[in-house]
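Analysis of the macromolecular model
Residue strings, one per chain:
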Amino acid sequence: MEKFTSDFIIDDLADEAGGYFAMPTEEGMEYTDLFFDVCRQFGIRYSKATQKERCFVEEVTRVTWEHIMARRTGSKAPIRPSFTPQP
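Here's what I pulled together on the structure shown here. Just so it is clear, the structure is predicted and the values come from calculations on it, not from any experiment.

**Thoughts on the pattern of salt bridges**
This model, assessed by the stated rule, comprises five salt bridges. Between Arg72 and Glu30 there is a salt bridge, and its shortest N-O distance comes to 2.5 Å. Of this pair, Arg72 sits in helix H3 (residues 51-73) while Glu30 sits in helix H2 (residues 26-41); the two residues are 42 residues apart in sequence, bridging distant segments of the chain. Look at Arg72 and you get partly exposed, because its relative accessible area is 48%. Of the residues examined, Glu30 reaches a relative accessible area of 27% and is grouped as partly exposed. A salt bridge links Glu59 to Arg62, with the nearest nitrogen and oxygen atoms 2.6 Å apart. You can see Glu59 and its partner Arg62 sitting in helix H3, three residues apart, about one turn around the helix. Given the relative accessible area of 12%, Glu59 is considered buried. Through salt bridges that share partners, Glu59, Arg62, Glu66 and Arg80 make up one connected network.

If you want it as structure tokens, here you go:
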């Protein structure tokens, strides 16, 4: 049987990007844990949530994460309040 040696474009793209996927960072995993904690806290299953529920948990997670990062870094920069438009 002949060995298949042809490359696919996806393989070339993956090589250029450093592989098919990158391991999540510790900070990324911490954010993900926070996100699912917020979902649990409010009894929301993200995969079955309405658009309004999804926006809610995303916004609560964003603001909570910004407060955590500000405390961690000592930043005094203002944090955009929940449910306000981005500048």
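**Digging into the side chain of Arg80**
Of note, Arg80 is situated in the segment after H3. Judged by its relative accessible area of 18%, Arg80 falls in the buried class. One polar contact links the side chain of Arg80 to the main-chain carbonyl oxygen of Thr84, over a distance of 2.4 Å.

**Brief notes about the environment of Ala70**
Take Ala70: it is sitting in helix H3. For Ala70, a relative accessible area of 14% translates into the label buried. The residues contacting Ala70, other than those within four sequence positions of it, are Ser75 and Ile79.

**Quick look at H2**
Along its 16 residues, H2 runs 22 Å from first to last C-alpha, staying within 8% of the 22 Å computed at 1.5 Å per residue. By the burial criterion, the buried members of H2 are Leu34, Phe35, Val38 and Cys39. End-on, the buried residues of H2 take up no more than an arc of 140°, which puts them together on one face. Pointing more than 90 degrees away from the buried face of H2 are the exposed residues Glu26, Arg40 and Gln41. One or two residues past the end of H2 sits Gly43, with phi positive at roughly 65°.

Criteria and cut-off values
- Residues numbered from 1 in each chain as written.
- Predicted model: local features only at pLDDT ≥ 70, side-chain atom pairs only at ≥ 80, totals over all residues.
- Heavy atoms only, no water.
- Salt bridge = Lys/Arg side-chain N within 4 Å of Asp/Glu carboxyl O.
- Helix = DSSP H or I, 4+ residues; strand = E, 2+ residues; numbered from the N terminus.
- Buried < 20%, exposed > 50% of the residue type's maximum accessible area, 1.4 Å probe, protein only.
- Polar contact = N/O pair within 3.5 Å; in protein donor to acceptor, adjacent residues only side chain to side chain.
- Contact = heavy atoms within 4.5 Å.
- Expected span 1.5 Å × (residues − 1).
- Arc of directions from axis to C-beta.

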